[in-house]
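What the coordinates show
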Amino acid sequence: QVQLVESGGGLVQAGGSLRLSCAASERTFGSYYMGWFRQAPGKEREFVAAMRWNGDTTTYADSVKGRFTISRNYAWNTVYLQMNSLRPEDTAVYFCARSMQWGTIPTQNHEYDYWGQGTQVTVSS
């Protein structure tokens, strides 16, 4: 079973930055995709960003494009989400997830099979 652990969430004022991490066991990511999603109370879980582990192809939700950056560190088997220019509407629990899909970048919830426990991000106005 794949285990994913997010960290780095916290409280930040609007306009500030946070860096989230998603760590997994060795070779968990392989050549598949890693994604970030978020969910606020009363809302559906929504796509944030994704990238192919063994490559540099990335994609972002329109709401975060230009503000968030997804990246990875091979040695530590870790995926990151750098979040800049944060807004109150970014407040949510952020999850990292893995997809076994090969080809186009998966952006839908059902395209991912393993999920982390989530880390809370709160942006104050």
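Just above sits the structure.
Read on for an overview of the structure. These numbers come from a predicted model, not from an experiment.

1. Some remarks on the pattern of salt bridges
Evaluated as defined, the whole model comprises 6 salt bridges. Between K65 and D62 there is a salt bridge; the shortest N-O distance is 3.4 Å. Across the pair, exposure class does not vary: K65 and D62 are exposed alike. With a shortest N-O distance of 2.7 Å, R98 and D113 are connected by a salt bridge. Taken as a pair, R98 in strand 9 (residues 92–99) and D113 in the loop between strand 9 and strand 10 (114–115) lie far apart in primary sequence, 15 residues in all. The network of salt bridges with shared partners includes R38, E46, R67 and D90.

2. Here we look at the packing of aromatic side chains
With the rule as written, the count across this model stands at 6 aromatic pairs. For the ring pair F95 and W115, a centre distance of 6.4 Å and an interplane angle of 80 degrees mean the geometry is edge-to-face. Taken together, the residues span a long stretch of sequence, with F95 in strand 9 and W115 in strand 10 at a distance of 20 residues. A residue is classified by how much of its surface remains accessible, and W115, at 24% relative accessible area, is partly exposed. Pairwise contacts between aromatic rings join F37, F47, F95, Y112 and W115 into one cluster. A cation over an aromatic ring shows up here: R19 above the ring of Y80, its NZ or CZ 4.1 Å from the ring centre. The residue whose ring lies beneath R45 is W115, and the NZ or CZ to ring-centre distance is 4.5 Å.

3. Focus on the nonpolar core
Grouped burial of nonpolar side chains is what soluble globular proteins tend to show. If you look at the biggest cluster of nonpolar residues, it comprises 35 residues, and the most contacted ones within it are W36, V48, F68, I70, L81, M83 and Y94. Among the elements of the structure, strand 3 (18–24), strand 4 (33–39), strand 5 (46–52), strand 7 (68–73), strand 8 (78–83), strand 9 and strand 11 (119–124) are those that each provide at least two residues to this core. Counting residues per element, this core draws most heavily on strand 5, which supplies 5 residues. When sequence neighbours within four positions are dropped, the list of residues in contact with Y94 reads E6, L20, W36, F37, R38, V48, F68, L81, M83, G118, T119 and V121.

4. Notes on the sheet that holds strand 3
Read across the sheet, 4 strands follow the order 1-3-8-7 without closing on themselves; strand pairing throughout is antiparallel. Edge positions in the open sheet fall to strand 1 (4–7) and strand 7, since each of these has one partner strand only. Sheet twist, expressed as the mean angle between neighbouring strand axes with direction ignored, is 20 degrees. By the bridge criterion, 6 bridges tie strand 3 to strand 8 in an arrangement that is antiparallel.

5. Here's the deal with the state of the cysteines
Applying the stated criterion to the full structure yields 1 disulfide. C22 shares a disulfide with C96; S-S distance 2.0 Å. Every disulfide takes its handedness from the sign of the S-S torsion; for C22 and C96 that torsion is 60 degrees, giving right-handed. Of this pair, C22 sits in strand 3 while C96 is found in strand 9, placing the two residues 74 residues apart along the sequence.

Conventions used here
- Residues numbered from 1 in each chain as written.
- Predicted model: local features only at pLDDT ≥ 70, side-chain atom pairs only at ≥ 80, totals over all residues.
- Heavy atoms only, no water.
- Salt bridge = Lys/Arg side-chain N within 4 Å of Asp/Glu carboxyl O.
- Buried < 20%, exposed > 50% of the residue type's maximum accessible area, 1.4 Å probe, protein only.
- Helix = DSSP H or I, 4+ residues; strand = E, 2+ residues; numbered from the N terminus.
- Phe/Tyr/Trp six-rings, centres within 6.5 Å; stacked < 30°, edge-to-face > 60°.
- Lys NZ or Arg CZ within 6 Å of the ring centre and 35° of its normal.
- Core = buried A, V, L, I, M, F, W, Y, C linked by side-chain atoms within 4.5 Å.
- Contact = heavy atoms within 4.5 Å.
- Pairing = 2+ DSSP bridges.
- Axes fitted to C-alpha atoms, helices over the stretch in contact; angles between N-to-C directions.
- Disulfide = S-S within 2.5 Å.

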